[in-house]
Amino acid sequence: MDEQIHRSGERVEKFCAVCGEERGHIVASVTKSGRITSVSCPKCGTRSRFKAGAEVTARAPARTGAPYDSTRTYRAGQSLTHPVFGVGEVMAVIEPQKIDVLFPDRMRRLVHTRTLK
Ligand SMILES: [Zn+2]
């Protein structure tokens with residue numbers, strides 16, 4: 001059986017004890033053989049050890065989001081797929097029409113609930 005090789009910066013689903021909910025975490029460090037050793041929570045910033053073979057398995061969220069549509073209204077926790085940035089997860093609604101979305105490389109602020117003229 002091949003072991004999955006991971007790189008830092010990848011996303012994994014993990015339960016955050018601080019936030020009290022499961023969310024996508026950023027892989028913070030890996031071993032030379034590509035095993036995840038620690039991850040950090042994008043919301044509260046908590047860095048925690050990652051146990052291989054724990055209840056969590058990896059990589060991109062199972063549900064890849066629907067294509068990003070700025071006229072839609074998003075809620076925290078939803079996934080979307082941006083044509084340029086890739087798959088992201090809505091971390092927070094900042095203003096009525098602005099959301100912070102975590103993409104594989106970094107957090108980006110996007111518009112939502114945009115009204116068409
Ligand atoms: Zn957290």
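In what follows, the structure referred to is the one given above.
These numbers were taken from a predicted model, which means no experiment stands behind them.

**Student:** It is not clear to me how the nonpolar core should be interpreted in this structure. Could you clarify?
**Tutor:** Nonpolar side chains tend to gather and get buried jointly when the protein is soluble and globular. Formed by Tyr68, Tyr74, Leu80, Val90, Ile99, Val101, Phe103 and Leu110, the largest nonpolar core amounts to eight residues. For phenylalanine 103, the residues in contact, after removing those within four places along its chain, are Leu80, His82, Phe85, Gly86, Val87, Gly88, Arg108 and Leu110. If you look at the next biggest cluster of nonpolar residues, it comprises five residues, including Val12, Val27, Val39 and Phe50.

**Student:** Would you take a moment to explain the packing of aromatic side chains for this structure?
**Tutor:** The final tally for this structure, using the stated rule, is two aromatic pairs. With a centroid separation of 6.2 Å and an interplanar angle of 25 degrees, the aromatic rings of tyrosine 68 and tyrosine 74 are classed as stacked. Of the two residues, tyrosine 68 and tyrosine 74, neither departs from the other in class, the shared state being buried. Above the plane of the ring of phenylalanine 85 lies arginine 108, whose end atom (NZ or CZ) is 3.9 Å from the centre.

**Student:** Is there a simple way to explain the coordination of the zinc ion in this structure?
**Tutor:** Ideal values differ by geometry: the angle at a metal is 109.5 degrees with four tetrahedral donors, but 90 or 180 degrees with six octahedral donors. Here the zinc ion is held by the protein donor atoms Cys16 (SG), Cys19 (SG), Cys41 (SG) and Cys44 (SG), which lie 2.2 to 2.3 Å from it. Taken together, the four donor atoms coordinating the zinc ion span angles of 101 to 113 degrees at the metal, a pattern that classifies the geometry as tetrahedral. In the primary structure, the donors to the zinc ion are separated according to the pattern C-x2-C-x21-C-x2-C.

**Student:** Quick question: what am I supposed to make of the sheet that holds strand E8 (residues 98-102) here?
**Tutor:** Hydrogen bonds along the backbone pair up the strands of a sheet, which may run parallel or antiparallel. Across the sheet, five strands lie side by side as E5-E6-E7-E8-E9; this open sheet has mixed pairing. At either margin of the open sheet sits one strand with a lone partner, and together these are strand E5 (66-67) and strand E9 (107-111). As judged from the two bridges shared by E5 and strand E6 (residues 79-82), these two strands associate in the parallel manner. Note on E6: the bridge partner recorded for alanine 66 is leucine 80.

**Student:** Explain the pattern of salt bridges here, please?
**Tutor:** Taken as a whole and assessed by the stated rule, the structure comprises five salt bridges. Of the charged contacts in the structure, one is a salt bridge between aspartate 100 and arginine 109, with a shortest N-O distance of 2.7 Å. The salt bridge involving aspartate 105 is made with arginine 108; its shortest N-O contact spans 2.9 Å.

Conventions we followed
Sequence order sets the numbering: in each chain, residues are counted from 1 along the sequence as written. Residues qualify for local features only when their pLDDT is at least 70, as the model is predicted, and side-chain atom pairs are given and counted only at 80 or more; totals for whole chains, interfaces and linings, by contrast, use all residues. Only hydrogens and water are set aside; all other atoms, that is, all heavy atoms of the structure, feed into the side-chain values. What is meant by a nonpolar core is a set of buried Ala, Val, Leu, Ile, Met, Phe, Trp, Tyr and Cys residues, joined one to another through side-chain atoms within 4.5 Å. To sort residues, take the accessible area from a 1.4 Å probe on protein chains only and compare it with the maximum for the residue type: under 20% means buried, over 50% means exposed, and anything in between is partly exposed. When checking whether two residues touch, look at their non-hydrogen atoms; a contact exists if any pair is within 4.5 Å. Note on aromatic pairs: the rings of Phe, Tyr and Trp (six-membered ring only in Trp) are paired at centre separations within 6.5 Å, and the planes decide the class, stacked below 30 degrees, edge-to-face beyond 60, tilted for the rest. A positively charged side chain is recorded as over a ring if its NZ (Lys) or CZ (Arg) lies within 6 Å of the ring centre. The angle to the ring normal must also be within 35 degrees. Each metal site is built from N, O and S donor atoms within 2.8 Å (3.2 Å for Na, K and Ca), and since water is not included, such sites may look incomplete. Donor angles set the geometry label: tetrahedral for four donors if every angle is between 85 and 135 degrees, square planar for four and octahedral for six if opposite donors exceed 155 degrees and the others are between 65 and 115, irregular for anything else. Note on pairing: two strands pair once DSSP finds at least 2 bridges between them. Put simply, DSSP marks the helices as runs of H or I at least four residues long and the strands as runs of E at least two long, and each gets a number from the N terminus on. In what follows, salt bridge is the name for a side-chain nitrogen of Lys or Arg lying within 4 Å of a carboxyl oxygen of Asp or Glu.

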